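# Structural characterization, general
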Amino acid sequence: MDRFSIRFKPQPGESLSSYLLRSCNKNSARINVLLQDISTVPIVPRSPQFKPLIDVFPSRVISLEKLSEITGVTKQRLEQMTLSSVFHKMGSEMIGGRSMGGPIFLRSRRFCPVCLSEHKIYKLKWQIRDVEICDEHLVRLEDVCRTCGKSQSYWNDLTPLLRCRHCGSSLDGDADRVNEETIVVDQRVKHAQWDFMLRDDTDLIHNVPNNTKNQALSTKLLYALQNYAPEFNRDDIQHVRQQRLYWLVRFIQGETEEHYLTVDLLLDSLRKTSLDIESFSQLTVPEEYKMTLLSDRAKSVQPGPCLAPWCASYGSNHDMKPITHLMQVSKNYQAFRTPYVCTSCFVKYGYSRKQNSWSESGELIKLGWHKVVPLLQEGIRLLNISRECKVSIYRIQRIRGYFYGRGIVPGDEPIPSLTEETLQKFKDAYFQEKSRIYAAKVYGWTPLVYWALYGSNMIQNYIVFQHRKDLAKFSKRELTVEKWEMMIKEEIETRLQNGLPITLADISSAVGCSAVLISKYGLAPLIREARAKRNEEWIGRCQRFAEEYLGSQDDIYTNVSIVEFRKITGMGHWWLHQHVPEILRRIDEEQQRRLYQRRIRTVQASIEQLKEDNLSVTINAVIRVSGLDRALIFKDPFLKDMIYNYNNEHADWEVEKDKSERGLRHTT
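Residues numbered from 1 in each chain as written. Predicted model: local features only at pLDDT ≥ 70, side-chain atom pairs only at ≥ 80, totals over all residues. Heavy atoms only, no water.

## Quick word on the pattern of salt bridges
Within this structure, the stated rule accounts for 23 salt bridges. The residue K190 makes a salt bridge to D186 at a minimum N-O spacing of 3.3 Å. Taken as a pair, K190 and D186 lie in helix α8 (residues 181-198) at a separation of 4 residues, close to a single helical turn. Across the pair K213 and D203 runs a salt bridge whose closest N-O atoms are separated by 3.5 Å. With K213 in helix α9 (residues 213-225) and D203 in the loop between α8 and α9, the pair connects residues that are 10 residues apart, well separated along the chain. Judged by its relative accessible area of 4%, K213 is buried. (Salt bridge = Lys/Arg side-chain N within 4 Å of Asp/Glu carboxyl O. Helix = DSSP H or I, 4+ residues; strand = E, 2+ residues; numbered from the N terminus. Buried < 20%, exposed > 50% of the residue type's maximum accessible area, 1.4 Å probe, protein only.)

## Digging into empty space enclosed by the protein
A full pass over the atoms with the stated rule returns 2 cavities of 30 Å³ or more. As a volume, the largest cavity reaches approximately 50 Å³. Lining the largest cavity, in full, are R109, Y122, Q152, S153, N156, T159, R163 and L171. Per-class residue counts for the lining of the largest cavity are 2 nonpolar, 4 polar and 2 charged. Roughly 30 Å³ of internal volume is contained in the second largest cavity. In terms of lining residues, the second largest cavity is bounded by S18, L21, R22, K120, I121, Y122, T159, P160 and L162. (1 Å grid on protein atoms, 1.4 Å probe; cavity = no way out; pocket = protein on both sides within 12 Å on 5 of 7 lines; lining within 4 Å. Points joined across faces, edges and corners; volume = space filled by probe spheres on them. Nonpolar A, V, L, I, M, F, W, Y, C, P; charged D, E, K, R; others polar.)

## What about unusual backbone geometry?
Phi at L162 is positive, roughly 60°, even though this residue is not glycine. Within the element layout of this structure, L162 appears in the loop between α7 (113-119) and α8. In this structure, N227 is a non-glycine residue whose phi angle is positive, near 65°. Looking at the secondary structure, you find N227 in the loop between α9 and α10 (242-252).

## Concerning the nonpolar core
Within the largest apolar cluster, 54 residues are counted, with the highest numbers of intra-cluster contacts made by L83, M197, L204, L222, L266 and F280. Among the elements of the structure, α6 (84-90), α7, α8, α9, α10, α11 (263-272), α12 (277-281) and α13 (287-294) are those that each provide at least two residues to this core. When residues in this core are grouped by element, the largest group, 6 residues, is from α9. Contact partners of L266, with chain neighbours within four places excluded, come to M90, L204, L217, L221, L261 and F280. Judged by nonpolar contacts, the second largest core, of 31 residues, contains Y340, C342, L382 and V391. (Core = buried A, V, L, I, M, F, W, Y, C linked by side-chain atoms within 4.5 Å. Contact = heavy atoms within 4.5 Å.)

## Remarks on the side chain of E14
By the secondary structure assignment, E14 is in the segment before α1 (16-26). Here Q11 takes part through its backbone nitrogen, which lies 3.1 Å from a polar atom of the side chain of E14. Of note is the side chain of E14, whose polar atom sits 2.8 Å from the side chain of R22. The contacts of E14, once residues within four sequence positions are left out, are Y19, R22, M81, I121, Y122, K123 and L124. (Polar contact = N/O pair within 3.5 Å; in protein donor to acceptor, adjacent residues only side chain to side chain.)

## Details of the packing of helix α2 (residues 31-38) against helix α4 (residues 64-71)
Close contact between α2 and α4 brings their axes to 9 Å; oriented N to C, the two are set at 135°. On the basis of their axis angle, the class for α2 and α4 is oblique. In contact with L34, D37 and I38 of α2, α4 contributes K66, L67 and I70. Grouping the amino acids of the contact of α2 with α4 by side-chain chemistry returns 4 nonpolar, no polar and 2 charged. (Axes fitted to C-alpha atoms, helices over the stretch in contact; angles between N-to-C directions. Parallel < 35°, antiparallel > 145°, perpendicular 65-115°, else oblique.)

Have a look at this one:
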């Protein structure tokens, strides 16, 4: 693309996408042609993923050197209109730019109506999720049209004209100011933080290599959150969740590369500590603090005793075993750190984050032992227990099965012996989407039996410690395309033999692979071919059924209908209409033909009756004797001719087949 003939400088705070849209509009150029020329990645510029990246990290998708030649704006000034400075401050060039977290609006364009009226531009800061009001006019930012109420896309043909893409209404205008002082003060703090982050002449940390900048920044944040203590102590740090702190410390120590410091966590922590970002940028961390942080290790937590009164290990912790693949467990909106499980009763425990005390993370003791078990021993029904305890009957069934399997509550249903065969059956059911329903259909297990087996030590040991490993074996990341193809072919063969439906949704659910991946791997044609083969077989079967159905019922007084044919074939109306419409038309025509033949015979019998009674044969008389509808006879010339011809002594009383067919075609 040639250089723009009309050039102008970007306004302060303007985003790069806004400047490009205005430039193309002034020069009568197409924005997609410009993007196609300066693009550096094989992404279609029209795609919704391409457009927001220009404001987020432009050097990854476009050539800023080419854009500088076209617009006459320096590369440094172009980068200032994007979030590149934020990535540089966070040191996230080395971690793929992922430290932004989720604070950016990328799906819709936000704007201040008053600013659009005055400046005619879209500011970069408006796309920040923390920013909710305009700092210049103190009005709330909007992303929908006031006229039609529809959301505005990131950019379109009407974006530079400041108009709605749906109804064409103007997006600028007046708006009401925000008068709540608390909101205004909070927003001014957020604006100050982001103004600092968007400036390219500032930095959060100095004299640190870029590959370790995020780690050094995380260290400085922990130092500030600990109120500038000389040594690191994780118990003194506030405003950060314990699990997040654990991974952040491991990231600083170089033990993980995933749990980095995000910009939203940084700014939110600074706001909670009332520390302005400029003071934070000038902060220096002592070397002693860094050394204690690098040598810190999480304290090992000693498990508490088992609190289950029915357990053989009640009051001791010698059967406690940590659940190592979990940092915490949650129950009823409460988090329990360092979870353990008692291998004698398989009740899970942990340290409650709210009360900082050792307690059960489930409901077998508090709800089951103290409330449900006494009611079950009294013989009260499950529905009444559910109402009295104000919990779902599903939870009552689960608790009852656990205690029934241990012989604490009464019951008369036999429980299968806990053998390897029973364990394998439970594994097969547990891998299904609806395991209880599957176990009931395949093995005949009632809810009581299922939950009794579920709560047994053998199966609980498998669920807690082994199920996660078995699940990894079937993970789609570890399966090649060839293995998926083999599994899909086996599933298709099974469904062809058992007469089960063959659809993409059913196959993906059965093999455990999403429909998107099946299509991506090019395996969807296998399902379509199998479905086509199944349809050919069913079409042939329907044709045979149609011949038998119509051939065995040749009496005109025997009704034939599409509904009855559907019952015989077992196929739905939509499938029949889609694949064998000629059979449905044939059945419908046969039904109409037989109905018309019965109508002719009724008219003949009525004329004979009038002749025997020596009454005149008229249309009204035939209608009165036959009980037929008047409109059916008056609108049918063949029936009218029959009645008129019976007044002639030489009328032919035989109704020929071709006349019947001709009359049938006329009525049809």
